[in-house]
Amino acid sequence: MSNFDGRGLVSTAWLETHLSDPDLRIFDVTVHLRPSTPGPYRVESGRADYEAAHIPGAAFLDLGRDLSDAAAALPFTMPSLDALTRALGAAGVGQRSKVVAYTTTTPMWATRLWWMLRASGFDAAAVLDGGFAKWTAEGRPVEAGERRYPPADLSLAARPDAWADKAAVLAAVGDGEVCTINALSPSVHAGESQTNYGRKGHIAGSRNVPFAALLKPDGTYRDDEELRALFEAAGALGRPRAICYCGGGISATMDALALVRLGHPSVAVYDGSMAEWSRDPAMPMELGR
């Protein structure tokens, strides 16, 4: 995790050493999901967290407002390539930029931005391993207020295979060449939790690798050997294609990052995930673990 090697992570030590790099773009992308009725949650921007304290030089990116398709029926839907390019360019991301994303909470929002960039042909991006919690626990510098980067020229090129739509996920049911992976908790996967997205359970035939299981107690990703054991147990590494999903295409990107780190040749995220799938009664679901 020492450099921008395309494997998704950089350490707090690396970032502090490179804070003065002119091409570095650091973004706090914190989002809060607050319990709500009807639910399962309501979305709250993490801008207040950012303004109170952030990594020196970092700017704030609002995933829900600025980097999602406002016309889509589901929140946090991937915007068009043109819209994403304009938004990132306005935020200061250019062709030579190196992007580091972090949050004050779960890393799923940072991995979401990382996956959006990767899916758009931008590989010079990484997630801060352990996030802001690890940064502050180590006594590294912080500042308050707001920072902005100057706008930059940016060109992106989509990687269509990085996303799977509902039709592709349906086609994968029963396909031995594809492993469909649910990143939600075991209780949600089994249909035992009160939390659900319209129908309880999981996409038929999918396996469960909970995003929380990918992390050590300090919030950093587990070592590659431990990650490999998790995904081998799910059967993901023995199949040429993996599709990750969750409730809304966010925590699934944590699993996707782990699979990329392990060298899986073809990983996709189902952007609509359970928020879309469960709304269609024709889409097959199962209960149990």
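Above this text sits the structure in question.
For the structure given in this document, a descriptive report is provided here. These numbers come from a predicted model, not from an experiment.

**Let's talk about the overall build of the protein chain**
Consideration 1: Along the protein chain, the regular secondary structure elements total eleven helices and 14 strands.
Consideration 2: The C-alpha radius of gyration computed for the protein chain amounts to 18 Å, which stays within 12% of the reference 19 Å derived for 289 residues, consistent with globular compactness.
Consideration 3: C-alpha extents for the protein chain along the principal axes are approximately 50 × 40 × 35 Å.
Consideration 4: When each of the 289 residues of the protein chain is scored for burial, the buried share is 52%.
Consideration 5: In the protein chain, once contacts between residues fewer than 6 apart in sequence are set aside, the share between residues at least 24 apart is 76%.
Consideration 6: A total accessible area of about 12200 Å² is found for the protein chain, and carbon and sulfur atoms account for 51% of it.
Consideration 7: Looking at charge distribution, the protein chain has the averaged site of its 28 positive side-chain charges lying 1 Å from that of its 34 negative ones.

**Examining the sheet that holds strand β12 (residues 241-245)**
Consideration 1: With parallel pairing, the five strands of this open sheet are ordered in space as β8-β13-β12-β9-β11. Strands at the two margins of the open sheet, each flanked by one partner only, are β8 (163-164) and β11 (207-208).
Consideration 2: Where β12 meets strand β13 (residues 267-270), three bridges bridge the pair, whose relative direction is parallel. Considered in β13, the bridge of C244 is made with V269.

**Focus on the packing of aromatic side chains**
Consideration 1: Per the counting criterion, the structure on display carries six aromatic pairs.
Consideration 2: Both rings, one in F76 and one in W109, keep their centres 5.1 Å apart while their planes meet at 50 degrees; by these two values the pair is tilted. Taken together, the positions of F76 in the loop between α3 (63-66) and α4 (81-90) and W109 in helix α5 (residues 108-119) put the pair 33 residues apart, joining distant regions of the chain. The exposure classification of F76 matches that of W109, with both residues buried.
Consideration 3: Both rings, one in Y102 and one in F132, keep their centres 5.8 Å apart while their planes meet at 25 degrees; by these two values the pair is stacked. Here Y102 is found in strand β6 (residues 98-102), whereas its partner F132 is found in helix α6 (residues 131-137), with 30 residues between them in sequence.
Consideration 4: Residue classification places F132 among the buried residues on the basis of a relative accessible area of 10%.
Consideration 5: One residue, R140, lies across the ring of W135, its end atom 5.9 Å from the ring centre.

**Concerning the packing of helix α9 (residues 224-234) against helix α10 (residues 252-261)**
Angle between the axes and distance between the axes are the two parameters that describe a pair of packed helices.
Consideration 1: At a minimum axis separation of 10 Å, α9 and α10 run at an interaxial angle of 115 degrees. When the axes of α9 and α10 are compared, the pair comes out roughly perpendicular. Seen along the crossing, α9 lies across α10 with a hand that is left-handed. Within the contact between the two elements, α9 uses D224, L227 and F231 and α10 uses D255, A258, L259 and R261.
Consideration 2: Counted by class, the contact of α9 with α10 contains four nonpolar, no polar and three charged residues.

**Describing the pattern of salt bridges**
Consideration 1: Summed over the entire model, instances satisfying the criterion amount to 18 salt bridges.
Consideration 2: Between K166 and D280 there is a salt bridge, and its shortest N-O distance comes to 2.9 Å. Of this pair, K166 sits in helix α7 (residues 166-172) while D280 sits in the loop between α11 (273-277) and β14 (285-286), and the two are 114 residues apart along the sequence.
Consideration 3: For K166, a relative accessible area of 25% gives the class partly exposed.
Consideration 4: Each of E16, K134, E138 and R140 takes part in one network of salt bridges that share partners.

Calculation rules
- Residues numbered from 1 in each chain as written.
- Predicted model: local features only at pLDDT ≥ 70, side-chain atom pairs only at ≥ 80, totals over all residues.
- Heavy atoms only, no water.
- Helix = DSSP H or I, 4+ residues; strand = E, 2+ residues; numbered from the N terminus.
- Rg over C-alpha atoms; globule rule 2.2 N^0.38 Å.
- Buried < 20%, exposed > 50% of the residue type's maximum accessible area, 1.4 Å probe, protein only.
- Contact = heavy atoms within 4.5 Å.
- Areas by Shrake-Rupley, 256 points an atom, 1.4 Å probe, with all protein chains shown as cover.
- Lys, Arg positive; Asp, Glu negative; His and termini not counted.
- Charge placed at Lys NZ, Arg CZ, Asp CG, Glu CD.
- Pairing = 2+ DSSP bridges.
- Phe/Tyr/Trp six-rings, centres within 6.5 Å; stacked < 30°, edge-to-face > 60°.
- Lys NZ or Arg CZ within 6 Å of the ring centre and 35° of its normal.
- Axes fitted to C-alpha atoms, helices over the stretch in contact; angles between N-to-C directions.
- Parallel < 35°, antiparallel > 145°, perpendicular 65-115°, else oblique.
- Left-handed = near helix turned anticlockwise from the far one by under 90°.
- Nonpolar A, V, L, I, M, F, W, Y, C, P; charged D, E, K, R; others polar.
- Salt bridge = Lys/Arg side-chain N within 4 Å of Asp/Glu carboxyl O.

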